[in-house]
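The residues making up each chain are set out below.
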Amino acid sequence: MTEEQIAEAKRWDLLSYLQAYEPGELKKSGPREYRTRSHDSLVISNGKWHWCSRNMGGRTALDYLIKVRGQDFVSAVETLCGGGASPFLSQPVDLPPPKPFELPEPGRYATRVMGYLQGRGIDGGIISRCLRDGSLYESFRYHNCVFVGRDMEGKARFACLRGTFGDFKMDVPGSDKRFNFCLASPSPDCQKVAVFESAIDALSGATLTKLAGKAWEDACYLSLGGTSPLALVQFLKDRPGIRHVALCLDNDGAGKSGTEKLMETLRSDRELSGRIETLREAAPPERHGKDYNQHLLGVIGEMRARRKEKSFER
C-alpha cells in the first residue's frame, strides 16, 4: 500500500461514497442533512458525519468504514481505492449555501408552550422566568417551544424547536451550538452549573431542585443539545467565576460515554481544569427512566401518591 493510495482513500467524503456505491443507505432528513438506513442516529451534514448513539464521528468515508463497519485500515483503503472505487468519482457535494441564522416568528401568546411544559412536570414559575427573559417563547406558525441560546452580549446565536404535540424537534438552521439554551442564575457571583443533554432536562433539573426546597436560582442549568462539549467549554470560558460542574447527562450508553468525554475535555484544558474545584457525574437515578424529565415525572408521581395516601388515612 502506497502513500498515494492512502491519500486517495482519504479524499472520499462519506456522502459522496454512499451516493456512488451505496445509495440505498442514504435517506434525507433535512435540507442539508442525511442519515443512514442501517443506523438511524448516524447523521451526515456539512461534510462531517456523527453517530449520535455511539458518540463517535469523523469526516471521511475511511473513518466510517473503520469506526462503523469495523474494517481494519488496510481493507478500508482497499475498499476505497483498490476495490473498484475511484477517488475521482468523489466530487464536492453541490449543496446550497447555509441559511443565515434567524429566529422563528414569535406568537402573541405562549399558552400552548406553558401547557405542554407543565404537562412535562416543569414548574410554572420557572417557565414564566424563561418567557420573561426571552430564552423561551412560542412560535407563531406551528406553536412550537423555541429555546433560545445567547452569547454574552445578549445576541441570539442558537435556537432549538420542540413541538407542543407529537415528537417534533430540531435545531434552527444556522444555529451555533456553542451558545446553547441556558437557564442562568440571576446572581453575577454564581459558581455552579448543572449540565444536561436537552433544554427540557435542564428545566427539569431546576424544577427538582425547587421541589426539594433548595435555592434553585443559585446555579445555572445548561443544555448541550446532545453530548458535545462545545456549549460547556464556551460557557465556562465566558463565565470564569464558575467553580463547580455537575454533569447530569442521561443514564444510558450515550449519556455515560458523553460524560466521560466531557470530563476528559475539561481535565485536558489547562485553563479550565486549573479553576474547576469540583467536577462530578450526576446522572439521574435509574428507577424512573434514563433522563431528568422522566425522573421529575416519577418524583411528582410519588409525591401525589403520598398525598393521596395521607388523605385516605385521614
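Residues numbered from 1 in each chain as written. Predicted model: local features only at pLDDT ≥ 70, side-chain atom pairs only at ≥ 80, totals over all residues. Heavy atoms only, no water.

### Some remarks on the confidence of the model for the protein
Phase 1 of the analysis: Put simply, the protein has an average pLDDT of 88, and 94% of its residues get 70 or more.
Phase 2 of the analysis: Predicted confidence is poor over residues 83-93, with pLDDT under 50, and the contacts of this stretch with residues over four places away or in other chains come to 25 contacts. (pLDDT = per-residue confidence, 0-100. Contact = heavy atoms within 4.5 Å.)

### Examining the nonpolar core
Phase 1 of the analysis: The biggest cluster of nonpolar side chains holds 33 residues, and the ones touching the most others in it are L117, L136, F147, L183, L203 and Y221.
Phase 2 of the analysis: Those elements that place two or more of their residues in this core are α5 (111-119), α6 (124-133), β7 (145-150), β8 (156-162), β11 (192-196), α7 (199-211), β12 (219-223) and α11 (292-313).
Phase 3 of the analysis: Here the element with the most residues in this core is α7; it accounts for six residues.
Phase 4 of the analysis: Beyond its immediate sequence surroundings of up to four residues, Y221 is in contact with F181, C182, L183, A194, F196, A202, G205, A206, T209 and W216. (Core = buried A, V, L, I, M, F, W, Y, C linked by side-chain atoms within 4.5 Å. Buried < 20%, exposed > 50% of the residue type's maximum accessible area, 1.4 Å probe, protein only. Helix = DSSP H or I, 4+ residues; strand = E, 2+ residues; numbered from the N terminus.)

### A closer look at the sheet that holds strand β5 (residues 56-58)
Phase 1 of the analysis: On the basis of which strands lie adjacent, the open sheet formed by five strands has the order β1-β2-β3-β4-β5 and antiparallel pairing. One side of each edge strand has no neighbouring strand; the edge strands of this open sheet are β1 (26-30) and β5. Sheet twist, expressed as the mean angle between neighbouring strand axes with direction ignored, is 25°.
Phase 2 of the analysis: Two strands pair when backbone bridges link them, and strand β2 (residues 33-36) and strand β3 (residues 42-45) are joined in this way by three bridges, in the antiparallel orientation. Paired with Y34 across the two strands is I44, which belongs to β3.
Phase 3 of the analysis: Helix α2 (residues 14-21) rests against β1, β2, β3 and β4 (48-51) of the sheet, and its axis sits at about 105° to β3. (Pairing = 2+ DSSP bridges. Axes fitted to C-alpha atoms, helices over the stretch in contact; angles between N-to-C directions.)

### Remarks on unusual backbone geometry
Phase 1 of the analysis: The backbone of H143 shows a phi angle near 60°, a positive value even though the residue is not glycine.
Phase 2 of the analysis: Looking at the element boundaries, H143 is found in the loop between β6 (136-138) and β7.
Phase 3 of the analysis: Looking at H143, the relative accessible area reads 25%, which means it is partly exposed.

### A few points about the pairing of β3
It is a general feature of regular strands that their side chains alternate between the two faces of the sheet.
Phase 1 of the analysis: The hairpin turn running from β2 into β3, its antiparallel successor, is five residues long.
Phase 2 of the analysis: Strand direction decides the pairing type here: β3 and β4, joined by four bridges, are antiparallel. Its bridge partner lying in β4, I44 is registered against W49.
Phase 3 of the analysis: If you look at the hairpin formed by β3 and β4, you'll find two residues sitting between the two strands, and N46 has a positive phi there, around 55°.

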